[in-house]
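Inside the fold
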Amino acid sequence: MTNLLIHSMSEFSDIILGCLHAAGARDIAEVGAEFGGMSQQLAAYAGVMGGRLTSIDPAPKPEFVAWAASCPSVTHVPALSLDAMPKLSNVDAWIIDGDHNYYTVANELRIADELARRDGKPLLAILHDVSWPCARRDFYYAPEQIPAEWRHAYSYEAGVTIGDPGVRENRGFRGNGQFAVALHEGGPRNGVLTAIEDFLAETRSDERPIAYATVPAVFGLGILFDSSAPWAADVAALVHPYHDNPLIASLELNRLRNYLAVIDWQDREAA
């Protein structure tokens, strides 16, 4: 499998850090660290602001663990997000890039919202993988952690391609044992974007209207924020040029099709 894929949340660092600065966020919680590319930028920002970064990841890469241990403004919590998040307090902003499935994301948003209400904080949550392939299809790093009634049938070997709601065995974009994909795309309780939409439908109100913007690049960035917050207009102005931008979406679709073509070429060569 090629290593040409651009997939890191750090590609959005200017937008993410800009939103944090506009909101005056100091104490940040991150779900999903992996190598720590985005974590290092968040920690640097939090340090300048006199705050802290709490990074939740049960199994990050060794490079991240070593770095976090040496950084005084970072706390690494080696636990599942749904276990660790309820124990936090006074979080100004959430950066969510963990397990990309409906059950996990829906509950991460529910917990973040409950904590924001409890602590009197306007909600600001920034999520990755809100576009294809995870928008309408669950991906599982640890499917055994998802309750059976919330888990779709899945495969570690099958791959996904644009325009096909099913899967292709040992073809297309796939995890090669690192993650599993749901066998079908679409339908209720399936995918990251579906979780966000259901969260918005359940929580939006006149007293606390939640806004949502999306940047359709690098698998998609989603920004959820309380539009009644004093800083909401600044965040909205920052993300507006990128929100559902058709040129950006067209470039992303071309990037994905080219990447899938490279995978297909490699699979045919291997066969």
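Below is a short write-up of the structure. (Residues numbered from 1 in each chain as written. Predicted model: local features only at pLDDT ≥ 70, side-chain atom pairs only at ≥ 80, totals over all residues. Heavy atoms only, no water.)

**Observations concerning the packing of helix H5 (residues 102-119) against helix H6 (residues 192-203)**
Packing of H5 against H6 brings their axes to within 8 Å, and their N-to-C directions diverge by 35°. Between H5 and H6 lies a crossing of right-handed hand. Contact residues: H5 offers Tyr102, Val105, Ala106, Leu109, Arg110, Asp113 and Arg117, while H6 offers Val192, Thr194, Ala195, Ile196, Asp198, Phe199 and Thr203. Tallied by class, the residues present in the contact of H5 with H6 amount to eight nonpolar, two polar and four charged. (Axes fitted to C-alpha atoms, helices over the stretch in contact; angles between N-to-C directions. Helix = DSSP H or I, 4+ residues; strand = E, 2+ residues; numbered from the N terminus. Left-handed = near helix turned anticlockwise from the far one by under 90°. Contact = heavy atoms within 4.5 Å. Nonpolar A, V, L, I, M, F, W, Y, C, P; charged D, E, K, R; others polar.)

**Quick word on the sheet that holds strand S4 (residues 93-96)**
Adjacent strands of a sheet form backbone hydrogen bonds with each other and so pair up, either parallel or antiparallel. An order of S3-S2-S1-S4-S5-S12-S11 is seen for the seven strands of this open sheet, with the pairing classed as mixed. One side of each edge strand has no neighbouring strand; the edge strands of this open sheet are strand S3 (74-77) and strand S11 (210-215). Taking each pair of neighbouring strands and ignoring which way they run, the sheet shows an average axis angle of 15°. Contacting strand S2 (53-56) and S3, helix H3 (residues 62-70) crosses the sheet at an angle of about 135° to S3. (Pairing = 2+ DSSP bridges.)

**Quick look at unusual backbone geometry**
Between Trp132 and the following residue, Pro133, the backbone shows a cis peptide bond with an omega angle of 10°. Tracing the sequence through the fold places Pro133 in the loop between strand S5 (124-128) and strand S6 (139-140). Not every positive phi belongs to a glycine, and Asp129 is a case in point at roughly 65°. Here Asp129 is to be found in the loop between S5 and S6. Owing to a relative accessible area of 7%, Asp129 belongs among the buried residues under this scheme. Positive phi, normally seen in glycine, also occurs at Phe219, with a value near 75°. Position of Phe219 relative to the elements: it lies in the loop between S11 and strand S12 (221-226). (Buried < 20%, exposed > 50% of the residue type's maximum accessible area, 1.4 Å probe, protein only.)

Limitation: the analysis is restricted to geometry and does not speak to function.
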